[in-house]
Structures are given as structure tokens and as C-alpha cells.
Amino acid sequence: MLLFFTLGLLIHFVFFASIFDIYFTSPLVHGMTPQFTPLPPPARRLVLFVADGLRADTLYELDENGTSRAPFIRNIIMHEGSWGISHTRVPTESRPGHVALIAGFYEDVSAVAKGWKENPVEFDSLFNESKYTWSWGSPDILPMFAKGASGDHVYTYSYDAKREDFGAQDATKLDTWVFDNVKDFFHHARNNQSLFSKINEEKIVFFLHLLGIDTNGHAHRPSSRDYKDNIKKVDDGVKEIVSMFNHFYGNDGKTTFIFTSDHGMTDWGSHGAGHPSETLTPLVTWGAGINYPQRVSAQQFDDSFLKEWRLENWKRLDVNQADIAPLMTSLIGVPFPLNSVGILPVDYLNNTDLFKAESMFTNAVQILEQFKVKMTQKKEVTLPFLFTPFKLLSDSKQFNILRKARSYIKHRKFDEVVSLCKELIHLALKGLSYYHTYDRFFLGINVVIGFVGWISYASLLIIKSHSNLIKGVSKEVKKPSHLLPCSFVAIGILVAFFLLIQACPWTYYVYGLLPVPIWYAVLREFQVVQDLVTSLLTYPLSHFVGYLLVFTLGIEILVLSFFYRYMLTAGLTAFAVWPFLTRLWTRAKVTSLSWAFFSVLLAVFPLMPVVGRKPDISLVMGAGLLVLLLSLCVVTSLRKRKDSFRKEELLVHLLQVLSTVLSMYVVYSTQSSLLRKQGLPLMNQIISWATLASSLFVPLLSSPAVFQRLFSILLSLMSTYLLLSTGYEAVFPLVLSCLMFVWINIEQETLQQSGVCCKQKLTSIQFSYNTDITQFRQLYLDDIRRAFFLVFFLVTAFFGTGNIASINSFDLASVYCFLTVFSPFMMGALMMWKILIPFVLVMCAFEAVQLTTQLSSKSLFLIVLVISDIMALHFFFLVKDYGSWLDIGTSISHYVIVMSMTIFLVFLNGLAQLLTTKKLRLCGKPKSHFM
């Protein structure tokens, strides 16, 4: 069985990784020839300001007094330059946003997991193509472009990473540092002949990365005074830098300025998904080669922003974020980044029609080059009779369009050139997408076949080894034939040979060969399938259809809960009614009423706002007081029973109560300190980390009796959870745990009702590592309901705390008791543990359910895996990489969450067994406990 779970875990890792190979692989190709406009550019230098985390609406809108937060930028819009909205893509994170701006292509979603500091793939960029680039800003962003550049012409100046503190000081100092260092740089250049000559060259770039707005948004929310004041500081800084540039270069009119953002931010201070507040960023351009403001009487857009911002009379020019890269390259006359998929927004250019036409033609040829390389690569590794070319852009059509465009340029039909080149670009981009997703159907089919095979095998294993369903069917055991293994070996060889001659990557072998052994294992159990069919034929058809419909309805409710959280409320309400529809109500009235009460109470949480959007520390304090009150009641109750609460265990309990009190103090103290902008106190940080570290081994010092051990686990984990809470979610684990205690009792009642076993008190049942396997019973139909309850509670444990199935639902304020200096992976790990704590509580309760109902953990766990895998397969078909970016991000999140849950279940099962069965002592030898 250990081998089965190990193999199952590996298979699930493959299924989990498959989504990134099938839907989100790197789109980059290499081997193209650099392309640049063969005409003199309008600018010698370009200054790029990127205000990290700046939302378009917050910059463009007027404040409550009717004045702009950025008067200099607004003056540019009205009198000097062109403006619009830059539409970003998922994931709305700093790294992909900057890659789109500076390199002109969109990174695949999986690149976020590789961090902000390294290049997961080699790519060309504006900085690489420039003669020199000087950049100032965050140490998380600047190095990735310097590291990817050829030669040593990209210079970076960044502050210490410790300055990126969400709580210690005013984050506008990050932007002030950038502006001050740029000024110092130019002051120093006047006295350094070598540097002076470099910054007077042509085709140079100055990049100012401004992180203060993003940092203040995370720490205080975009609606805060800090965020809005930071915009004013940035506006003042940009004004000073522009004035300095004009003065330094003697107002030569050869400098282009571009002001934009890498991504926006939600109202609750996060980003990563596809909400409009995250994907709509500002773009303001002025200077050499840029069109002056264009007054218009009316504009047609699908939104009402122009009226809200009072900019309806100034022409708005929207672009996709990757379009900014070709705009910048054409302005200073450097080759287009080789991997750019941006389309030059010619409406921003103030130049001759010939320049616009030639620039657009260069843009089209550059993207067409990528299409040709991609097609050649795919053709070389595909068998000739299997290769299907992209029919909309044949070689002859490419030649005709390019020839016609050249003819139009010769005859000065420049508008037709621009239109024709845009058509070619759109066809080339479609072709790139076609070849990029060429193998998607093949890979998807293999994963689905493997998924279905795994679910079938796990189901057959349950029926064969853990149930009585086919025990009564007497059949002669047939000797296994050698034909079956030989056939599957032959299939495996054929698949491997097919992949080999096409020079497929090693991952294709994994997806292609994985279904072979899985389906071999399934067909080996053909006898079980026959016996199962024979057994099911003896059941009334109406009963079978009824059970199948109920099971399907349950799965669909779980799936729908990922889209609509209120479905969990509907499910929990149905759970509350369940005892009253059975004989449980007559046998155990108090237990039934408690079950109904806590089910309804828990059902309230999915109806509440998403966590972090309305932080309220008083609710965290209230949750802590409830824990202390509950602890007092439990201690009082247990002290009345003789020999049930030893002095050693009382000491452990008091330590846990003290830990809860300290957690409440740390939360309150940290909140007060951050409000005063005094940072995270060191003592608070030490207590927080100590509480987290002790939370996993302190419960092992408590009694192994079911009730005492589960309560000890709750106290330890609640101390950590309070430190990670910002509002009402702090109460959630407490209510969930109360329902779990009642669940254990009610499952005892249901089993006693069926006459399988006698009821024992939870204080007398003890967890044991060495459980007597002779006490285990076979699975009954009602055990499917128990497994479904577990999956439902696990889904509730995720969504009930206010999370939504999106990257942007996690609030960084949750980790401020542990650290405030930006550290994406450490912060991510802490937020992941916050998510897992309710899961651990449910899994520990599940261990108790298995113990009290005399079930093997493996048998019930197999049913849980089957249910989870059916959900995962459901979401695999729902993953998409088209439509709105909100839909794409959500579909990815759904599959990742359900697959992660399935993988984590194996680990959580082991952790729950460790927490419930292991016993440590403060002194002396550990004592063994048996039932």
C-alpha cells in the first residue's frame, strides 16, 4: 500500500505539472535576424519611468476637491503629449509586467514561480539593443535585464533589499532615493569626461523603477492617504527629472519621456490575477517623436472612465502592454527586441508618414521572422505526413503581402502600408499561437487517458480490497494470460518510438507513456470488473441510479463552490438538516442539534467578504478571547474527572493558553507599531516565529486521548493562526473545530445505529500508532458519505476563510507579525501555512473519525482521492488560455488549487497521523498508549 501511495503521489505531480506544459510553455524562439527602421529616429535618448503598482484610475481621476493628484502628468496630457491605458496580462506581477514593457512579450504563467531575480529563459530587450542603458530602482527588477544583456552596456544602481519594508518607514523614500541618485549621477557626469561622452551618445535609455507606490499599496491599500500622497511625490519627482534632463541637454528636443506602470492593484492591496484594477495601467508619453494632445468632441469606449476622469475631450490611445516596447525602439532607432509580439501604436508617433510606414513594415517583418522560425522548428520534429501547416499564412501569401507593402511605400500609399502590415502581424501572431499550441490536443488526450485510468484503478482497488461488494460473487479464478503484458509492452515501445523519431522533449515521454502501465494495472483487474457488474445487476436499478445521481450532485456542488462560494453555504445548510431526516434525531438529540447549530454557523463564513478587504483587529482579539474562554471550560470539565488530566498535561495546557495570550498581544502591538510607521518590533517577531515553531510539537506532549489531543492541536494551531489573521477569519478555525468535534460524535452514533460497534466516550478512546488491524472493518455505502463529508470540509476550509480561487485573494498584511521586508517566497510560505491550518484541523478530526468508526485510514482515504481526482479532471477541461484575463487566471487557479489539495492530502494525512499518534514527554521515557 505504501508503494501505491508513492506511485499515486508521483502520478499526481505529473498531472499537476501537465497544465504548464500543455497550456503555459515559454513562447520564445531563437534564431531571428534583428530588424530596425532604416530612417533616422526622432530621439537620441529615452527616459522610462515605471511606477510599480500604479492603477490607471488613481492617477487619472481627480480628488474630492476636483484637483489632480499628479498635476504635472495631467498638464502633459492636456498640453504636451499623448496618453491612454496600457492593458496588462495575467499574471499581473512585477517581473512579467516589466518583461512585457521592455522586451515586448508575455511570459508564461509558470515563470512567476521562478522568482523576480533570475531569467528563467534567455530573451532580448530594449536595454540589450540600446547602446547604453542606466537604471535605478529595486534590486528585484534591475538585475534580470542586466543579466540578460550581451556585453556590459547595461548599468544598474539599486538600494538595499531591506529598504523594501512594508511597515518600518514611509515607502516614498524608495522613490526619493531613485530621484536623488539620478540627480547625483548627472552632477557627477559633468566632472567625468568618459561618462559625459557616453550619456551624450544616441540610442541610450534611462530607466527609473519607482517601487514606493506598490509598497504603500500593499501596506496601506490603494484607497489610503499614503498611496495617494506617494503619487504626488512621484509626480513632483518626475517633474524635477524632466527639468534636469532639459537643462542638461540644452533643451535640444531629442529626449522622449514615457511614464507607465507594470501592473495595477486591487482595492485590498494585492495583484497577480486579471481584475481590471490590476490590468489597467496608465501610459503617458511626451517629448521627441510623440504626438501632441489631440482635442476631440466624442470618443467611443466600452467604459465610462473618460467622463469620470474629465478627459473626454483629449484623445485616448489604448495599447497592449507589449506594444510599448516597439514604440520605444522606433523612437530611438534601435532594433526591435527579437521576441517582441507588440504592435507599434503609430498614433503615438509625431513623424512623417514614411517613417510610420517603414516602422510598421519593420515591425511586421520582425514578428513574421518569429513565425517562420517557429514553423521551421515544428516542421523539423514532426513526421511529414502528420504535419499540418498554418493555412492562413502560406509562403506565397507572406511574399505577396510583403511585395504589396513595398509597392505601396514606393507609391507613397502610407495608410495602406500600415493597414496591410497590421493584417500581416495579426496573421503571424495567430500562426505563432497555432504552432505554439500544436501539440496541445495530443498532450491533453494523454493526460485525460492517464487521469481516467488512475481513477478507475483506485476505484477497483477499493472494491477489491476494502469492500464486501464482490465477496459473494463466486467465480473461478483464471490464470493470467501472457498476452496482456506483451501487448502493453508493445504499445509502450511504439509510443516511445513515435516520440523518439519526432525528437520530442522528455516530458512528452512522461505524458505519453504514463497511461500505459496505469491501464495495464486496470485491465489486470478485469475479473474484478466482471464480478462488480454481476454484483450490481442484483441491486434494484432505481437504487443504483438514485445513488449515482446523489454522488454526481455532490461532486457538482463541490465544483460549483469554486465559482460561487455560497454553494458551500447551501451544502452546509443541507448538512444541518441531514440528522433530522434520519433516525439520528431520535437517538441523539443533543448531538443532532449541536451538528445543526455549528453547520449553520459555519455556513455564514462563505457569505462574508473576501479576507483582507476589510481588516479588523478587534475580531482577531475577540477570537483569542473565545479560545481562552473555551480553554477554561475544557480544563474545568477535565479536572472534575479523576486521572484524566495529569499535572504534566495541565502544564502543557497552561503553556498553550499563555501562547494564545502572547499571540493576541503581538497582533495588537504590531498593528499599533505599523500604524505609527515604527516597523515590526523585534520582540514581536521573535515571539511570532517561536510560536510557529512550537505549534507542531507542543501537542505531542499532551494526552493521546482523542478529545485532549485534538483540543491541544486546536490550541497550538490557533496561536499561530491568530498571528496570521487580519479580521473575521480568526474565528473560522474555532467554529470549524467545534463542528469537527460534533462530526466525530455523530459518526459514532451512525455506526452504533447500524449495529456495527458500540459507542465509546471520546475521553476514553486513545490515538495509537500501532493500531490492531484486526479491528478494521470493510467499507459500507455510508462510508462514501463520510469521504464526501471530508472533501466538502476541506473545500470549506479553503473558501470559508475568505479566500477566493485567485492569486490576488491573499493579503500580505497577514504576515506582518513575522516579517515586513519584502520576501516573496517567505511571505508565500507563511500564507500557505495559514491556508493549511484549517486543513490540518479537518484531517486530524478525520483521523479520529477513522479510529472511532473502526475504518482503515487507507480505505477511506482512497475514496477521498477518487472524489478529488474526479473534481480535478473536471477542472482540467475548464482550463483555458483565451477570453478575458480574469477568466484565464481563474481557470488556472481552480485546477492548481484542486490538484494542490489532492497532493497535499497525502502529506496532510501523514502530518495528522504524526500530530495525533505521537507522544512526547517533558522528562523520562515516552509512554506507549494503546486502545
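Within each chain, residues carry numbers counting from 1 in the order of the written sequence. Local features in this predicted model are restricted to residues whose pLDDT is 70 or higher, and side-chain atom pairs enter the listing and the counts only when it is 80 or higher, whereas totals over whole chains, interfaces and linings include all residues. No hydrogens and no water enter the side-chain calculation; it runs on all heavy atoms of the structure.

Caption draft 1: Expanded view of the overall build of the chain. Each helix and strand in the chain was counted, giving 34 helices and 8 strands. Any two residues whose heavy atoms approach within 4.5 Å are treated as being in contact. When contacts within the chain are restricted to residue pairs at least 6 apart in sequence, those whose partners lie at least 24 apart make up 80%. Total accessible area on the chain is roughly 39300 Å²; 62% of this is exposed by carbon and sulfur atoms. The secondary structure listing takes helices from DSSP runs of H or I that are at least 4 residues long and strands from runs of E that are at least 2 residues long, numbered from the N terminus. All accessibility values rest on the Shrake-Rupley procedure with a 1.4 Å probe; residue burial counts only the protein chains present in the view.

Caption draft 2: Representation of the environment of Tyr 434. If you trace the backbone, Tyr 434 turns up in helix α16 (residues 414-436). If we ignore the near neighbours within four places in the chain, the residues touching Tyr 434 are Thr 388, Pro 389 and Phe 390.

Caption draft 3: Focus on the packing of aromatic side chains. Only centres within 6.5 Å qualify two rings of Phe, Tyr or Trp (six-membered ring in Trp) as a pair; their planes then separate them into stacked at under 30 degrees, edge-to-face at over 60, and tilted for everything else. Summed over all chains, the structure comprises 65 aromatic pairs. Where Phe 563 meets Tyr 564, the ring centres are 6.4 Å apart and the plane angle is 45 degrees; that geometry is what we call tilted. Look at Phe 563 and you get partly exposed, because its relative accessible area is 42%. The classification of residues rests on relative accessible area computed with a 1.4 Å probe and restricted to protein chains. Under 20% of the type maximum is buried, over 50% is exposed, and intermediate values are partly exposed. Residue classification places Tyr 564 among the partly exposed residues on the basis of a relative accessible area of 40%.

Caption draft 4: Focus on the pattern of salt bridges. For salt bridges, the criterion is a side-chain nitrogen of Lys or Arg within 4 Å of an Asp or Glu carboxyl oxygen. The full count for this structure, using the stated rule, is 22 salt bridges. Linking Asp 57 and Arg 55 is a salt bridge whose minimum nitrogen-to-oxygen distance equals 2.9 Å. Asp 57 sits in the partly exposed class, given a relative accessible area of 23%. In this structure, Asp 439 engages Lys 378 in a salt bridge whose closest nitrogen and oxygen atoms are separated by 2.8 Å. One end of the pair, Asp 439, is in the loop between α16 and α17 (440-466); the other, Lys 378, is in helix α14 (residues 353-380), and 61 residues separate them in sequence. It is possible to trace a salt-bridge network through shared partners that takes in Glu 747, Asp 782, Asp 783, Arg 785 and Arg 786.

Caption draft 5: The pairing of strand β5 (residues 204-210), seen in detail. Within β5, 7 of the 7 residues are buried, which leaves the element mostly enclosed by the surrounding structure. Burial along β5 is two-sided: Ile 204, Phe 206, Leu 208 and Leu 210 facing one way and Val 205, Phe 207 and His 209 facing the other are all buried. The pairing criterion for strands is at least two bridges between them, as found by DSSP. In terms of strand pairing, strand β1 (residues 45-51) meets β5 through 7 bridges, oriented parallel. Bridge assignment links Val 50 to a residue of β5, and that residue is His 209. Relative to β5, strand β3 (residues 132-137) runs parallel, the two sharing 5 bridges. Pairing of Ser 135 across the sheet is with Phe 207, part of β5.

Caption draft 6: Examining unusual backbone geometry more closely. Look at Lys 203: it is not a glycine, yet its phi comes out positive at around 60 degrees. Relative to the helices and strands, Lys 203 is located in the loop between α8 (193-198) and β5. Under the relative-accessibility criterion, Lys 203 is labelled partly exposed at 29%.

Caption draft 7: Quick peek at the sheet that holds strand β4 (residues 154-158). With mixed pairing, 8 strands are arranged side by side in an open sheet as β4-β3-β5-β1-β6-β7-β2-β8. Looking at which strands have only one partner, the edges of the open sheet turn out to be β4 and β8 (319-320). Sheet topology note: the β1/strand β6 (residues 255-260) ladder contains 6 bridges and is parallel. Paired with Leu 46 across the bridge in β6 is Thr 256. Each axis is a line fitted through C-alpha atoms, taken for helices only over the stretch in contact, and angles between the N-to-C directions span 0 to 180 degrees. The sheet strands contacting helix α3 (residues 71-79) are β2 (82-87), β6 and β7 (280-287), and the helix crosses β7 at an angle near 65 degrees.

Caption draft 8: Representation of the pairing of β3 within the structure. Burial analysis of β3 places 6 of its 6 residues in the buried class, which makes it a mostly covered element. The two faces of β3 match: Tyr 132, Trp 134 and Trp 136 on one face and Thr 133, Ser 135 and Gly 137 on the other face are all buried. Sheet analysis places β3 next to β4, joined by 5 bridges and oriented parallel. Residue pairing for β4: Ser 135 is matched across the bridge by Thr 156.

Caption draft 9: Geometry of helix α9 (residues 212-220). Burial within α9 is extensive, with 8 of its 9 residues counted as buried. If you check which residues of α9 are buried, you get Gly 212, Ile 213, Asp 214, Thr 215, Asn 216, Gly 217, His 218 and Ala 219. Buried positions along α9 lie against β1, α7 (172-189), β5 and α10 (225-248). Remark: Arg 221 follows α9 within two positions and exhibits a positive phi of approximately 85 degrees.

Caption draft 10: Examining the packing of helix α28 (residues 682-694) against helix α29 (residues 706-723) more closely. Packing of α28 against α29 leaves a shortest axis separation of 9 Å and a crossing angle of 145 degrees. As for how α28 packs across α29, the hand of that crossing is left-handed. Note on element contacts: α29 touches α28 through Ser 719, Thr 720 and Leu 723, opposite Ser 688, Thr 691 and Leu 692. Under the convention adopted here, Pro, Cys and the residues Ala, Val, Leu, Ile, Met, Phe, Trp and Tyr are nonpolar, Asp, Glu, Lys and Arg are charged, and Gly plus all remaining residues are polar. Its residues assigned to classes, the contact of α28 with α29 comprises 2 nonpolar, 4 polar and no charged. Definitions for this section: a left-handed crossing has its near helix turned counterclockwise from the far helix by less than a right angle. A right-handed crossing has that turn clockwise.

Caption draft 11: Local environment of the environment of Tyr 292. Within the element layout of this structure, Tyr 292 appears in the loop between β7 and α12 (305-309). A relative accessible area of 55% means that Tyr 292 is categorised as exposed. Linking Tyr 292 and Met 78, residues 214 residues apart in sequence, is a C-alpha distance of 8.8 Å. Here Tyr 292 is in contact with His 79, Glu 80, Gly 81, Ser 82 and Asn 350, once residues within four sequence places are set aside.

Caption draft 12: Up close: the side chain of Glu 847. Position of Glu 847 among the secondary structure elements: in helix α32 (residues 824-852). Given a relative accessible area of 8%, Glu 847 falls into the buried group. In this structure Glu 847 touches Phe 767, Asn 909, Ala 912, Gln 913 and Thr 916, once residues within four positions along its chain are discounted.

Caption draft 13: Looking closely at helix α26 (residues 617-639). A helix is expected to span 1.5 Å for every residue after the first. Over its 23 residues, α26 runs 33 Å from end to end, which matches the ideal 33 Å to within 8%, given 1.5 Å per residue. Among all positions in α26, only Ile 617, Val 620, Met 621, Ala 623, Gly 624, Val 627, Ser 631, Val 634, Val 635 and Leu 638 are buried.

Caption draft 14: Up close: the confidence of the model for the chain. pLDDT measures how confident the predictor is about each residue, on a scale from 0 to 100. Chain-level statistics for the chain give a pLDDT mean of 86 and a share of 90% at 70 or above. Segment residues 115-120: pLDDT under 50, and 20 contacts once partners within four positions in sequence are set aside and those in other chains are kept.

Caption draft 15: A look at a nonpolar patch on the surface. For patch detection, residues must exceed 30% relative accessible area and be free of salt bridges, and they are connected within 9 Å for like charges or within 5 Å for nonpolar side chains (Val, Leu, Ile, Met, Phe, Trp, Tyr). Taken together, Leu 560, Phe 563, Tyr 564, Tyr 566, Leu 607 and Leu 878 make up a surface patch of nonpolar side chains, about 580 Å² in accessible area. Here Phe 563 shows up in the loop between α22 (541-561) and α23 (566-577).

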